[in-house]
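Observations on the model geometry
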Amino acid sequence: SDKLLRLGLKLGVLISTFSLLLSIYYLVLYLTGRILVPGYASLVILITFSTGVIITFIGLVGIYIGKLSIHIKNRPKYIIKDIL
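So, here's what we can say about the structure. Keep in mind that what you see is a predicted model, and the values were worked out from it rather than measured. (Residues numbered from 1 in each chain as written. Predicted model: local features only at pLDDT ≥ 70, side-chain atom pairs only at ≥ 80, totals over all residues. Heavy atoms only, no water.)

**Considering helix 2 (residues 40-73)**
If you check helix 2, its first and last C-alpha atoms are 50 Å apart, about what 34 residues at 1.5 Å a residue would give, namely 50 Å. Taken together, the buried positions of helix 2 are occupied by Ala-41, Val-44, Thr-48, Gly-52, Thr-56, Gly-59, Gly-62 and Ile-63. With its phi angle positive at about 55°, Asn-74 sits one or two positions after the end of helix 2. (Helix = DSSP H or I, 4+ residues; strand = E, 2+ residues; numbered from the N terminus. Expected span 1.5 Å × (residues − 1). Buried < 20%, exposed > 50% of the residue type's maximum accessible area, 1.4 Å probe, protein only.)

Right, here's the structure in full:
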């Protein structure tokens, strides 16, 4: 089953979406002058977004390899128990 791989894919998309929301939040903080450390917002946004993209692509590659291994095994869809 590839449920765990699909979970990884969904987690990556979720982290990327969270990064976009975080970037909007930090942009508002930067424009209002509440961020005291220079470069903090861009560093946090870059790290979270790149992490989300990496996890997303790892999930995609995992699903691809899982589907490929199922195809390579070439198992029958059903097994005949008795021949009449």
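The structure having been displayed, the exposition proceeds.
**As for the packing of aromatic side chains**
One pass over the full model with this rule turns up two aromatic pairs. Note on Tyr-25 and Tyr-26: the rings are 5.6 Å apart at their centroids and 55° apart in plane angle, and the pair reads as tilted. Note on Tyr-26: relative accessible area 12%, which makes it buried. Measuring from ring centre to ring centre gives 5.7 Å for Tyr-26 and Tyr-40, while their planes differ by 90°; the resulting arrangement is edge-to-face. Taken together, the residues span a long stretch of sequence, with Tyr-26 in helix 1 (residues 3-32) and Tyr-40 in helix 2 at a distance of 14 residues. Assessed through its relative accessible area of 40%, Tyr-40 is described here as partly exposed. (Phe/Tyr/Trp six-rings, centres within 6.5 Å; stacked < 30°, edge-to-face > 60°.)

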